Amino acid sequence: HPRVLSGMQPSADSLHLGNYLGALVNWVKVQEDFEAYYFIPDLHAITVAQDPADLTKRTRVAAAQYIAAGIDPERSTLFVQSHIPEHTQLTWILTCLTGMGEAARMTQFKDKSAREGTDATGVGLFTYPMLMAADILLYQPHGVPVGDDQRQHIELTRTLAQRFNHRYGETFVVPVGFYPETGARIYDLQEPTSKMSKSAVSPNGLINILDEPKVTAKRIKSAVTDAGTEVSYDRENKPGVSNLLDIYASVTDRSVEQLVADYEGKMYGHLKVDLAEAVTQRLEPVRTRALELLDDPAELDRILALGAEKARSVAAPVLDEVYQKTGFLPVG
Ligand code: TYM
């Protein structure tokens, strides 16, 4: 079976609707046809300061949400990044293949350092994309199911794989991004021109998987909409309503065109009430299951330990090959 691999940072108390629709739903789908590796990038999370106790808790919370959303740990390999030392080992080699300018052009680093200065921006954020490339390349996946905001990272991963292969001989599979047809880019409910993100200015812009349904319903009902009253899809001029339509299409089987036709002549309020119902219905079983799983942290840890063993059995021989091709003297 060809492989897929992906991960989500454990840097908030819950995953949000963007994570769910942009990535997780697709992960569940592709695990049917691919040998899947899903991990929790805790090393990436510390590129921004994390409270240690929170980080531990959020790592389990992420694992619980993966499983609750439908990742089957019997079928797919579920693990924690820091359990596999090969990720950091390969990162160094890829870092040595990356140009300073090339890394400085990555938008995550570029934007933060432009905003806050290069002293307030950690070197960890600078080398973040090389760690992500290592995460991927160690498992030789064909596809990486992610949302739209990861495109630049996937491009760099491909470049580094090709560069290594060119310099040292065929080693890495050059992966492609798998982007969903709907939900690849979910926007903030209060600021519908910014993507939904855990670093949102106001919590009211976010829909979290683990929030109580009434909180979620309230946030959807108070989402910013646009001038006018007509429900129509127009990203430029009606970003608020267009975002609600995208979310609606993603959580149901209805297309945006169908929804626009269904809401013709109706007010925004109707759309919001129905959308709140559709979203909470969709998330409620995931939330309940995740909370149940979190009642038994020892069981979650056991699943992650088994996953680490399986993941390491794939990653270790790939790193060995890389070390050998690089010319490092083997241990005698
Ligand atoms: P992260 O943790 O920011 O996001 C996890 C996944 O959720 C998607 N996503 C969204 N999709 C649609 N709309 C949004 N508003 C939205 N916000 C987030 C992301 O595209 C992503 O798929 N660098 C990665 C984590 C990572 C990784 C990897 C991913 C580390 N190593 C290896 C894949 C393979 C990140 O920060 O994602």
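An account of the accompanying structure is given in this report. (Residues numbered from 1 in each chain as written. Predicted model: local features only at pLDDT ≥ 70, side-chain atom pairs only at ≥ 80, totals over all residues. Heavy atoms only, no water.)

**Considerations on the site of the ligand**
With respect to spatial proximity, 29 residues lie near the ligand, and among them Gln9, Tyr128, Asp135, Asp149 and Ile186 are the closest. Contact between the ligand and Gln9: an oxygen atom at 2.8 Å from a side-chain N or O atom of the residue. For the shell around the ligand, the secondary structure elements donating two or more residues are β1 (3-7), α1 (17-30) and α7 (123-137). (Near = heavy atom within 4 Å. Polar contact = N/O pair within 3.5 Å; in protein donor to acceptor, adjacent residues only side chain to side chain. Helix = DSSP H or I, 4+ residues; strand = E, 2+ residues; numbered from the N terminus.)

**Considering the packing of aromatic side chains**
For the structure shown, the criterion picks out 11 aromatic pairs. Ring geometry for Tyr37 against Tyr139: centres 5.4 Å apart, planes inclined by 35°, an arrangement best described as tilted. Of this pair, Tyr37 sits in strand β2 (residues 35-40) while Tyr139 sits in the loop between α7 and β4 (143-145), and the two are 102 residues apart along the sequence. Here Tyr323 and Phe328 contribute two aromatic rings whose centre-to-centre distance is 5.0 Å and whose plane-to-plane angle is 85°, an arrangement assigned as edge-to-face. The structure contains a cluster of three or more aromatic residues connected by ring pairs, namely Tyr37, Phe39, Phe79 and Tyr139. Taking NZ or CZ as reference, Lys266 lies 5.3 Å from the ring centre of Tyr263, over its face. (Phe/Tyr/Trp six-rings, centres within 6.5 Å; stacked < 30°, edge-to-face > 60°. Lys NZ or Arg CZ within 6 Å of the ring centre and 35° of its normal.)

**Section: the packing of helix α10 (residues 239-251) against helix α12 (residues 268-294)**
The geometry of a pair of packed helices is captured by two quantities: the angle between their axes and the separation between those axes. Packing of α10 against α12 leaves a shortest axis separation of 10 Å and a crossing angle of 35°. In this structure, α10 meets α12 at a crossing whose hand is left-handed. Mapping the contact onto sequence places Val241, Leu244, Leu245, Ile247, Tyr248, Ser250 and Val251 in α10 and Tyr268, Leu271, Lys272, Asp274, Leu275, Ala278, Val279 and Arg282 in α12. Split by residue class, the contact of α10 with α12 holds 11 nonpolar, 1 polar and 3 charged. (Axes fitted to C-alpha atoms, helices over the stretch in contact; angles between N-to-C directions. Left-handed = near helix turned anticlockwise from the far one by under 90°. Contact = heavy atoms within 4.5 Å. Nonpolar A, V, L, I, M, F, W, Y, C, P; charged D, E, K, R; others polar.)

**Comments concerning the side chain of Ser76**
Among the secondary structure elements, Ser76 is positioned in the loop between α3 (52-69) and β3 (77-80). Here Ser76 falls in the buried class, since its relative accessible area comes to 1%. Only 2.8 Å separates the side chain of Ser76 from the side chain of Gln31, close enough to count as a polar contact. If near-sequence neighbours (up to four positions away) are discounted, Ser76 is found in contact with Gln31, Ala36, Tyr38, Ile71 and Lys310. (Buried < 20%, exposed > 50% of the residue type's maximum accessible area, 1.4 Å probe, protein only.)

**Points about α7**
Here α7 contains 15 residues, and its C-alpha end-to-end distance of 22 Å stays within 8% of the 21 Å for a straight helix at 1.5 Å per residue. Maximum bend of α7: about 40°, positioned at Pro129. Counting buried positions over the 15 residues of α7 gives 12, a clear majority of the element. When we look at burial in α7, the residues that qualify are Leu125, Phe126, Tyr128, Pro129, Met130, Leu131, Met132, Ala133, Ala134, Asp135, Ile136 and Leu137. (Expected span 1.5 Å × (residues − 1). Bend = angle between axes of the 7 residues up to and from the residue.)

**A closer look at the environment of Gly177**
Checked against the element boundaries, Gly177 lands in strand β5 (residues 176-178). Measuring from C-alpha to C-alpha, the distance between Gly177 and Tyr38 comes to 15 Å, with 139 residues separating the pair along the chain. For Gly177, the contacting residues outside a window of four places in its chain are Val144 and Ile154.

**Looking at the pattern of salt bridges**
Considering all chains together, one arrives at 20 salt bridges under this definition. For Arg3, the salt bridge identified is with Glu35, shortest N-O distance 3.1 Å. With Arg3 in strand β1 and Glu35 in strand β2, this residue pair connects regions lying 32 residues apart in the sequence. Given a relative accessible area of 22%, Arg3 falls into the partly exposed group. With a shortest N-O distance of 2.6 Å, Arg235 and Asp246 are connected by a salt bridge. Of the two residues, Arg235 sits in the loop between α9 (213-221) and α10 while Asp246 sits in helix α10, which places them 11 residues apart along the sequence. Overall, the relative accessible area of 12% leaves Asp246 in the buried class. Within this structure, Asp13, Lys57 and Arg58 form a network of salt bridges that share partners. (Salt bridge = Lys/Arg side-chain N within 4 Å of Asp/Glu carboxyl O.)

**What about the nonpolar core?**
A general trend in soluble globular proteins is that nonpolar side chains are found buried together. Core analysis: the biggest nonpolar cluster contains 60 residues, and Tyr20, Leu24, Tyr38 and Tyr66 have the highest contact counts within it. At 10 residues, α12 tops the list of elements feeding residues into this core. Non-local contacts of Tyr20, meaning those with residues more than four positions away in its chain, are made with Val25, Ala69, Ile209, Arg282, Leu283 and Val286. Counting residues in hydrophobic clusters, the runner-up holds 36 residues, among them Ile84, Leu90, Tyr139 and Val322. (Core = buried A, V, L, I, M, F, W, Y, C linked by side-chain atoms within 4.5 Å.)

**Describing unusual backbone geometry**
Non-glycine residue Gln140 carries a positive phi angle of around 50°. Take Gln140: it is sitting in the loop between α7 and β4.

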